[in-house]
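Tertiary structure, described
The residues making up each chain are set out below.
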Amino acid sequence: MPMSPRDYTWLFTPGSTFSYESGTTGVIHVADGGELDLPTGRVVASDPFVYLGSGDIEPFTATVEPGRYRVEAAVATLTRPGEPPSDVPHLRVAAARLVIRDEPAVTWELALLPGQDPAELKDDEFFGYGVDAGTGCFYDASAEEAFPETQEEEEGPLWDAFESSDWSPGPFLVRSTDGGHTLAAFTSGWGDGCYPTWTGRSASGEVTCFLTDFFVAPDPASDQA
């Protein structure tokens, strides 16, 4: 069986707590990332500093009605045992989601790209996107070519958003130089790796959200990390 989804309602509940075997504890707060424009309703998730504009990442097969949708991140504040209070808290993005409907997700399925078949996955395997620059994002497929300076010149609004914040976790709603497209970006948990995006669905089968899990917070139903 492929990897199973976790309790994402818990993960996006402000004040949820968790701990690691090391004794480090975490408290969740939910950070608002503004509203992302989805003019085609075709959603892409990737590491924008590596893949945005490359043409190598396709949109998910699940589509939604065109519109503007809220982005938010479950951000963990981590505290090590005996660590004195700090003016600069240790923050990690545990997960990020693009909210399509404000109603509970009763089922979860892996967000798939064309040609991906969950039946081909072995135990605890998943489809996900690779991160090589410590960041993730959501954007509409129409914005694929809207941020050319990101790779070509290593500058532009996406770089500005992170650099002006001293690379804080985000999420950041970034608008293209021509003003016609937006992108929602955030740091990716502990950094580089491969992370799954899940599609939540309502009781009637409608998409409620796309949610990328960065494996920061252990599931409360499982053993401690």
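As a reminder, the structure under discussion sits directly above these lines.
We now turn to the structure provided with this report. Computed from a predicted model, the values in this text were never measured in an experiment.

**Some words on the pairing of strand β2 (residues 25-38)**
Side-chain direction in a regular strand flips from residue to residue, so the side chains alternate between the two faces of the sheet. Sheet analysis places strand β1 (residues 17-19) next to β2, joined by three bridges and oriented antiparallel. Looking at β2, one finds that serine 19 is bridged to threonine 25. Hairpin geometry of β1 and β2 is characterised by an intervening segment of five residues between the two adjacent antiparallel strands and by a positive phi of about 100° at glycine 23. Note: β2 against strand β4 (residues 67-79), 12 bridges, orientation antiparallel. Residue pairing across strands places threonine 25 opposite threonine 79, the latter belonging to β4.

**Looking at helix α4 (residues 157-164)**
Taken residue by residue, α4 has Pro157, Leu158, Trp159, Ala161 and Phe162 as its buried positions. In this structure, the buried residues of α4 make contact with α2 (48-51), β8 (135-140), α3 (149-152), β9 (172-175) and β10 (182-187). Aspartate 166 sits one or two positions beyond α4 and adopts a positive phi of about 60°.

**Describing the packing of aromatic side chains**
Two measures describe an aromatic ring pair: the distance that separates the ring centres and the angle between the ring planes. Summed over the entire model, instances satisfying the criterion amount to 14 aromatic pairs. Summarising the aromatic geometry, the rings of tryptophan 159 and tryptophan 167 are spaced 6.1 Å apart at their centres and angled 85° between planes, so their arrangement reads as edge-to-face. Taking relative accessible area as the criterion, tryptophan 159 reaches 16% and is therefore assigned buried. Owing to a relative accessible area of 38%, tryptophan 167 belongs among the partly exposed residues under this scheme. Three or more aromatic residues joined by ring pairs make a cluster, and in this case those are Phe126, Phe138, Phe186, Tyr195, Phe214 and Phe215. Above the ring of phenylalanine 12, the side-chain terminus of arginine 97 is found at 4.1 Å from the ring centroid.

**Some points on the layout of surface pockets**
In this structure, the largest pocket encloses a volume near 270 Å³. Taken together, 18 residues make up the lining of the largest pocket; nearest its centre are Thr9, Arg97, Glu103, Pro104 and Ala105. Contributions of two or more residues to the lining of the largest pocket are made by α1 (8-11), β4, β5 (90-99) and β12 (207-213). When grouped by side-chain class, the residues that make up the lining of the largest pocket number seven nonpolar, three polar and eight charged.

Basis of the calculations
Residues numbered from 1 in each chain as written. Predicted model: local features only at pLDDT ≥ 70, side-chain atom pairs only at ≥ 80, totals over all residues. Heavy atoms only, no water. Pairing = 2+ DSSP bridges. Helix = DSSP H or I, 4+ residues; strand = E, 2+ residues; numbered from the N terminus. Buried < 20%, exposed > 50% of the residue type's maximum accessible area, 1.4 Å probe, protein only. Contact = heavy atoms within 4.5 Å. Phe/Tyr/Trp six-rings, centres within 6.5 Å; stacked < 30°, edge-to-face > 60°. Lys NZ or Arg CZ within 6 Å of the ring centre and 35° of its normal. 1 Å grid on protein atoms, 1.4 Å probe; cavity = no way out; pocket = protein on both sides within 12 Å on 5 of 7 lines; lining within 4 Å. Points joined across faces, edges and corners; volume = space filled by probe spheres on them. Nonpolar A, V, L, I, M, F, W, Y, C, P; charged D, E, K, R; others polar.

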